[in-house]
Amino acid sequence: MSQLLELTAAQAASRIAAGELTAEEYLATYADAAAGDDLNAYLWNRGPDDEGQAATGGNGETPIRGVPVAIKDLFCTEGVPTTAGSRILEGYRPPYTATAVRRLDAAGAQLLGKTNMDEFGMGSSNENSGYGAVRNPWDAKRVPGGSSGGSAAAVAGRLAPCAIGTDTGGSIRQPASLCGIVGLKPTYGAISRYGMIAFASSLDQCGTLTRDVTDAALLLGAMEGRDPCDSTSVGIEGGVERPTREDLSGLSFGVPRELSAEAEGIEAGVAAAFERALGTIRELGGEVDECELPNCAHGLSAYYVIAPAEASANLARYDGVRFGLRSDGDGDLVDMYERTRDLGFGAEVKRRIMLGTYALSSGYYDAYYGRAQRVRTRIVEDFAGAFERFDFLVTPTSPTVAFELGARTADPLAMYLSDYCTVPMSLAGIPAISIPAGLAEPDGGGPELPVGLQIAAPAFAESPLLAAAYAIERGIGFEALPAGVVGA
Amino acid sequence: MSLPEGYEAVIGLEIHVQLSTRTKMFCGCALSFGDEPNVHTCPICLAHPGSLPVVNEKAVRYGLQIGLALGCEIAPRSIFHRKNYFYPDNPKGYQISQYDIPLASAGRLAGVRIHRVHLEEDAAKMIHLGESGRIHGSASSLVDFNRGGTPLVEIVTEPDLRDAAQAREWAQLLRTTVKQLGVSDVNMEEGSLRCDANVSIRRAGDEELGTKTELKNMNSFRFLERGIEAELERQGAVVEAGDQVAQETFHFDPRTGSLTPLRSKEYAHDYRYFPEPDLVPLAPTEEMLREARSALPELPDERRHRYETELGVPEVTARQLAFDAELGEYFERAVQAASDSGAADVHAGAIANWVTGELIARLRESGDGEAGPGSSKVSPEALARLVDMVETKQVTTGAARKVLAALVDQGGDPAEIVEREGLGQMSDEGELEAIVERAIEAEPAAAEKVRSGNPKAIGPIVGAVMRETKGRADGGDVTRLIQEKLGAG
């Protein structure tokens, strides 16, 4: 039975479609595996009594029918606890289900569980969860990355065949990189945000965490599309093609200096793995050349104004009045607000609410929020210019491999640097994927850990992006698995 | 109202109009008034995590109609902002409103400039338990989210109004204008029309505006006028005492008719506006603009203008008819009837005077004043016929009043009433002369005074003639005949 855990979602789905495997058996296998979660990857698991949550989609042919999917706990699921990793939503059972989850359901996928995450998506290590840190399956002393750390650890640790997450500044790509799996952040607007608990609305995007590029394409294909409930959703014209490309001839890859060799804090092992990946791209017939994205050096600064500003408004609704945690004080309304929010929110969330509130305050708006938006516009222009020359841009996903639990918790700025290479794509709203590019030791020594290669494409060029990523994935041939997991 | 010598009032209004769309501004919940609390709610208008707003297209169309009716320019691309504040009536912690680029701006209504017209959502309704009826001092407060998310149009004027009565009259005109568009119930008691006033005073002739105060919660036109009057009085006293008016917000208490300042905590907000990332810019299509334009009825101010210029109605009467939709409708039907009857002259000015004068007064006397002429027994055709009879001297004005009273009582055809009651005007000069002579004989003392040069003494003789003729004689003819007989005049 445990050999089922070695299958990709696409492989399992085709066995189910061929009648060689039942959806029930496949789900039971993963329900067992998830029940033995020793990574703290899940916040809620589907139990034997949760049959009501089984797939309800029709019987038509879909490439993911019968596949269990782990859902980041930022997606509302009707009647199923949804916390956004925050104590302030402890016990909250939403009255409705997010569009992305409904679409998976309609495609015949099954809800496997809700995964742990940094509170409201704010973090790069999963240590900001209100329900305890997630451990990296490659080394339990290390972080899985964040904020979709639970989803990444579950997929890497064979506790889920695939998962969905959200990416605001790197929250899918960075944990995928640190856990040695594939993480796709689609174009802003490709997948509906309806029912996805908001962190920074102009940046948040639903995406996938999977074993391979094909699974990413299949999940994206099931979820993408315009949703009348999300005015900013547009879908991907022409849908998503299943990737089959074998070489990269005729394709050009730009390497932005600012986000590779010159990026802050790039580890030697990461740089070496990245260089090897560039070699693979060349071997596959791709052209590789250096380029510049001069404003991307300011990406992180702009991001840490815009995202907290939006968050400060998005998180105002957690006031103890209508749902979630409530702490009555001495009877005064303001006191109740303050106690509830003090108890319910963690330190990083409070920090960002403060930052964001300040950035929007009368007299500071232009200097902070206004200026950050101008930087964002420049970054968009940088990418537009680069894509006139190149089909794709490639960078390391994370400057470092997985770091140890606690290593950056005392230094928020060091933590923020984890997203140095991923934030610019989020600001530009363009799609980017992280695929495993090999293993490397951290600076200063330690076990060999996964390194991620980030590939970015112009808006809504998901199909060409996935095709190129598929070719590179095969060229790299990453087969390593965390010790202790099935098949390792 | 007494401002200090040489001072003038400067008043601007901020009007909120609840649109009568089927559903709320950003979700599919039905609009309602008076339903059980919290039955028209959903994850969106309760601000559940992950929910997103979607703009109500009908509300945009209604907003465009209001903007066009107020002569505004429509923004080709307007955007929504988040207006942040914590309060239990505001479940998201921010209100979605428009800020630097409103739907419409730079309009004008009856000489008052419109600064802007924008779309937003209403807050939920709070009910404060206890004596004060306000959040401070109440034992507890309840929130009804049925109202939360109702589409609102906010209309902001420039400070072009100069006294309280003018502000009231203009607000009533605005109400009629919006009512005629059919986009809102505009009922002040139910809160579908709400009016705040910004009030300041300054030396007449000054360009610069004085410090303004804001008046809230005046939930009738009468209270609006009274609130502004009270505030002007107060500011006048402050200035006369040599002090400066402070920027404050006042809450009008309809029970006492007085203004109480809100605690600064209640209004000293930094709203931290920023563009709403959940919504795309609002760009009305050509089709939407065309539809909004073609849906515009004739508006009160245009109607007043037409009454004056085309129908020759005097300004005050024209205004009265045009700014009261029902009255205007009745008047128009009467004019139409007169025109359809083929009479030589429509006498629109006279019809206007009869509608706004005699008819309203008579209906009020009979206790039907509230119902209005449209639902009275006096058909517009009957009134037109009656006016025509007066103007062509078939009946005297006095007799016509009697006919009108009969019409108010039981309806019918004025010509028949005249016939039945014998109220037709006397056209036989010989008959009238005989009656006049008898009256002079009956009032010798008065006759003597008139002969000796006191024309005012003619009254008792005229009275006697009118009694005799039961008002069928024309007053002018009677006076002339008496004077001739007495060798006076």
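Residues numbered from 1 in each chain as written. Chains lettered and ligands numbered in written order. Predicted model: local features only at pLDDT ≥ 70, side-chain atom pairs only at ≥ 80, totals over all residues.

## Overview of the overall build of chain B
The line we're drawing: Numbering of helices and strands starts at the N terminus; helices are DSSP runs of H or I of at least 4 residues and strands are runs of E of at least 2. Any residue whose C-beta has 12 or fewer other C-beta atoms within 10 Å is treated as exposed, any with 20 or more as buried, and any in between as partly exposed, C-beta atoms being built from the backbone.
Counting its regular elements, chain B contains 16 helices and 14 strands. Overall, the C-alpha framework of chain B stretches about 95 × 55 × 45 Å when taken along its three principal axes. Across the 489 residues of chain B, 44% fall into the buried class.

## Section: the sheet that holds strand 7 (residues 252–256) of chain A
Residue and element names in this part refer to chain A. What counts is decided by this rule: Only strands joined by at least two bridges in the DSSP assignment are considered to pair. The axes are straight lines fitted to the C-alpha atoms, using for helices just the contacting stretch, and the angles between their N-to-C directions are given from 0 to 180°. For every residue pair, C-beta atoms are placed from the backbone, and the pair is scored as a contact if these atoms sit within 7 Å.
Here we have eleven strands laid out as an open sheet, ordered 1-3-2-4-6-5-10-11-9-7-8, and mixed in their pairing. A single partner strand is all that each edge strand has here, and the edge strands are strand 1 (42–45) and strand 8 (287–291). Ignoring which end each strand starts from, the neighbouring axes of this sheet average 30° apart. Taken together, the three bridges between strand 1 and strand 3 (residues 110–115) define a ladder with antiparallel strand orientation. Within strand 3, the position partnered with Trp-44 by the bridge is Lys-114. Strands in contact with helix 11 (residues 366–389) are strand 7, strand 8 and strand 9 (392–396); relative to strand 7, the strand with the most contacts, it is inclined by about 145°.

## Side note on the confidence of the model for chain A
Put simply, the rule reads: The predictor rates its confidence in each residue with pLDDT, a number between 0 and 100.
For chain A, per-residue confidence averages 95 on the pLDDT scale, and residues scoring 70 or more make up 97% of the total. For the stretch residues 52–56 of chain A, pLDDT sits under 50, and the model shows ten contacts to residues farther than four places along the chain or on other chains.

## Observations regarding the domain arrangement of chain B
By convention, interface size is frequently given as the accessible area that disappears when the constituent parts associate. The test is simple: Boundaries between domains were set according to an automatic or database domain assignment.
Domain boundaries in chain B define domain 1 (7–294), domain 2 (300–421) and domain 3 (429–486). Using only C-alpha atoms to locate each centre, domain 1 of chain B and domain 3 of chain B end up separated by 64 Å.

## Looking at the sheet that holds strand 3 (residues 80–84) of chain B
Residue and element names in this part refer to chain B. Taken in spatial order, the three strands of this open sheet run 4-3-14, and their pairing is antiparallel. The open sheet has two free edges, formed respectively by strand 4 (94–98) and strand 14 (274–275), since each of these has just one partner strand. Taken together, the five bridges between strand 3 and strand 4 define a ladder with antiparallel strand orientation. By the bridge assignment for strand 4, Arg-82 is matched with Ile-96.

## Focus: the interface of chain A and chain B
Rules: Under the scheme applied, nonpolar residues are Ala, Val, Leu, Ile, Met, Phe, Trp, Tyr, Cys and Pro; charged residues are Asp, Glu, Lys and Arg; polar residues are all the others, including Gly.
Contact with chain A, which involves 36 residues of that partner, is made by 24 residues of chain B. Sorting the residues of the side of chain A that touches chain B by element identifies helix 8 (299–314), helix 9 (333–344) and helix 10 (347–360) of chain A as the ones contributing at least two each. When grouped by side-chain class, the residues that make up the side of chain A that touches chain B number 22 nonpolar, eight polar and six charged.

## Focus on the packing of helix 7 (residues 315–323) of chain B against helix 9 (residues 348–365) of chain B
All names here are of chain B. Applied cut-off: Put simply, angles under 35 degrees are roughly parallel, angles over 145 are roughly antiparallel, angles from 65 to 115 are roughly perpendicular, and the rest are oblique. Here a crossing is called left-handed whenever its near helix is offset anticlockwise from the far helix by less than a right angle, and right-handed whenever the offset is clockwise.
Two elements in contact, helix 7 and helix 9, have axes whose closest approach is 10 Å; the angle formed by their N-to-C orientations is 65°. Taken together, helix 7 and helix 9 sit at an angle that is classed as roughly perpendicular. Crossing handedness for the pair helix 7 and helix 9: left-handed. Contacts from Thr-317, Gln-320 and Leu-321 of helix 7 reach helix 9 at Ala-352, Asn-353, Val-355 and Thr-356. Partitioning the contact of helix 7 with helix 9 into residue classes produces three nonpolar, four polar and no charged.

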